[in-house]
Amino acid sequence: QMPPSVGTLAAQVRGFETVRAFALARIIYLATDLPFAIFFLLIIWMIGGFAVALVPAVAFIIAAAGGFSLRRAIAEHATNEMSVANMRQGVLVETIQSAESVKAAGAGWLLQGRWNSLSRKSANESMKLKQLNDHAAHFAGLMQQLSYVFLVATGAYLAVDGRTMTVGAIIACSIVSGRVLGPVAALPGLLVQWGNAKISLDHLEKLF
């Protein structure tokens, strides 16, 4: 079996960093963001009751479902972008390593064309990935605004109806509700990191 090239090794060094960054981001998300979303949801329940807490809970579920519905597309484009970036890095490193041979053979134009082709593919995948991220982020923002509106409307109905809901409670619940949907906005970026980490881990397994 042939040993890995310098370009392959350079790409795998980047893969180590990608996997480590995703592991850290996942731990932070599961240990802080998600538990605090549940905590703030319980705070809303204590202040405004079940009906008020139900509004951000439903918005959270819908926003999370919208983000996960794009999971496959995000992971696919993230994987393609990572793979093309690794190939481009390999072309660069190996060309520099064998610069004298490239000049002697007059193969500079061939490697330049390969570099340009990979750069275009990388740019296209990055653009598609950014569009998906924007769609998920905008949808999460939309659900956050709708949650705020419906929460205030529900609180106002309960206050006018003569129940225990007060204006101060409505304001408090509306402020805290933004903390409930905050973790949903982090889902697209986490999915991108997951796609990059997945392809990096596959490459590392093949290398080992």
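Look up: the structure comes first, before these words.
Residues numbered from 1 in each chain as written. Predicted model: local features only at pLDDT ≥ 70, side-chain atom pairs only at ≥ 80, totals over all residues. Heavy atoms only, no water.

### Side note on the layout of surface pockets
Volume-wise, the largest pocket comes out at about 220 Å³. In terms of lining residues, the largest pocket is bounded by Phe22, Arg26, Tyr29, Leu34, Phe60, Ala64, Phe68, Arg71, Leu187, Leu190, Leu191 and Trp194. Class assignment for the residues of the lining of the largest pocket results in 10 nonpolar, no polar and 2 charged. (1 Å grid on protein atoms, 1.4 Å probe; cavity = no way out; pocket = protein on both sides within 12 Å on 5 of 7 lines; lining within 4 Å. Points joined across faces, edges and corners; volume = space filled by probe spheres on them. Nonpolar A, V, L, I, M, F, W, Y, C, P; charged D, E, K, R; others polar.)

### Description of the pattern of salt bridges
Summed over the entire model, instances satisfying the criterion amount to 1 salt bridge. The shortest N-O distance in the salt bridge between Lys130 and Asp134 comes to 3.1 Å. Of this pair, Lys130 and Asp134 are both found in helix α5 (residues 108–160), 4 residues apart, which corresponds to roughly one turn of the helix. Relative accessible area serves as the criterion here: at 49%, Lys130 is assigned to the partly exposed category. (Salt bridge = Lys/Arg side-chain N within 4 Å of Asp/Glu carboxyl O. Helix = DSSP H or I, 4+ residues; strand = E, 2+ residues; numbered from the N terminus. Buried < 20%, exposed > 50% of the residue type's maximum accessible area, 1.4 Å probe, protein only.)

### Observations regarding the nonpolar core
Note on soluble globular proteins: their nonpolar side chains tend to be buried together. Counting 13 residues, the largest nonpolar core has Val184, Leu187 and Leu190 as the members making the most contacts within it. Non-local contacts of Leu187, meaning those with residues more than four positions away in its chain, are made with Tyr29, Ala64 and Phe68. Counting 12 residues, the second-largest nonpolar core is a separate cluster that includes Ala53, Ala169, Ile170 and Val180. (Core = buried A, V, L, I, M, F, W, Y, C linked by side-chain atoms within 4.5 Å. Contact = heavy atoms within 4.5 Å.)

### Topic: the environment of Phe68
Here Phe68 is to be found in helix α2 (residues 50–69). For Phe68, a relative accessible area of 45% translates into the label partly exposed. Between the alpha carbons of Phe68 and Phe40 there is a distance of 22 Å; along the sequence they are 28 residues apart. Not counting residues up to four positions away in its chain, the partners in contact with Phe68 are Leu187 and Leu191.

### Quick look at the packing of aromatic side chains
Within the structure shown, the criterion is met by 4 aromatic pairs. Here Phe36 and Phe40 contribute two aromatic rings whose centre-to-centre distance is 6.3 Å and whose plane-to-plane angle is 35°, an arrangement assigned as tilted. In this pair, Phe36 and Phe40 are both assigned in helix α1 (residues 6–48), 4 residues apart and thus about one turn of the helix distant. An aromatic cluster is defined as three or more aromatic residues linked by ring pairs; in this entry it consists of Phe36, Phe39 and Phe40. Of note, Arg88 hangs over the ring of Trp115, and the distance from its end group to the ring centre comes to 5.3 Å. (Phe/Tyr/Trp six-rings, centres within 6.5 Å; stacked < 30°, edge-to-face > 60°. Lys NZ or Arg CZ within 6 Å of the ring centre and 35° of its normal.)

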